[in-house]
Amino acid sequence: MRRSLTIQHLDDATVEWIDQEAKRKGVPAEAVARRLIQRGVEVERKRAAQQVHRDLDALAGTWSEEETAEFLRAVEELSQIDPSRWQCLPSSRTTPR
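Keep in mind it's a predicted model, so treat the numbers as computed, not measured. (Residues numbered from 1 in each chain as written. Predicted model: local features only at pLDDT ≥ 70, side-chain atom pairs only at ≥ 80, totals over all residues. Heavy atoms only, no water.)

J.: An account of the layout of surface pockets is requested, with residue identities and associated values reported.
T.: In this structure, the largest pocket encloses a volume near 610 Å³. Together, 19 residues line the largest pocket, and Leu5, Glu30, Ala33, Arg34 and Ile37 are the ones closest to its centre. Where the lining of the largest pocket is concerned, the elements lending two or more residues are helix H1 (12-25) and helix H2 (29-49). Tallying contributions element by element places H2 first for the lining of the largest pocket, with eight residues. (1 Å grid on protein atoms, 1.4 Å probe; cavity = no way out; pocket = protein on both sides within 12 Å on 5 of 7 lines; lining within 4 Å. Points joined across faces, edges and corners; volume = space filled by probe spheres on them. Helix = DSSP H or I, 4+ residues; strand = E, 2+ residues; numbered from the N terminus.)

Laid out in structure tokens, this is it:
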């Protein structure tokens, strides 16, 4: 069922853009506004259909500042690079005869 809808209190910049777009395309401003609304509805439907997982929300952001500092101290040495582990090993290949 098609019905009419009146939209009030649009800002001047929005109305001006719709009018310019309508003129550029050679269609009524209502057609531009209708297409914008349809596209917006499509985007919102897709977003609403996406499954949002909330199973880890209880864990996110639950560390105190002290717990965070303790964790960072515990893993600090993991960010250190041991240059000796990155040296090239002597080649074990033999030269073909």
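J.: How would you explain H1 if you had to name every residue and give the values?
T.: Here H1 is 14 residues long and its end C-alpha atoms lie 20 Å apart, about the 20 Å a rise of 1.5 Å per residue gives. Along H1, the residues that are buried comprise Ile18, Glu21 and Ala22. Relative to the axis of H1, the buried residues are bounded by an arc of 100° and lie together on one face. For H1, the exposed residues set more than 90 degrees away from the buried face come down to Asp12, Ala13, Lys23 and Arg24. Buried residues in H1 make contact with H2. The N-terminus of H1 is capped by Asp11, whose side-chain oxygen sits 3.2 Å from the backbone nitrogen of Ala13. Looking at the residues trailing H1, positive phi occurs at Gly26, about 75°. (Expected span 1.5 Å × (residues − 1). Buried < 20%, exposed > 50% of the residue type's maximum accessible area, 1.4 Å probe, protein only. Arc of directions from axis to C-beta. Contact = heavy atoms within 4.5 Å. Polar contact = N/O pair within 3.5 Å; in protein donor to acceptor, adjacent residues only side chain to side chain.)

Geometric values such as these leave the question of function open.
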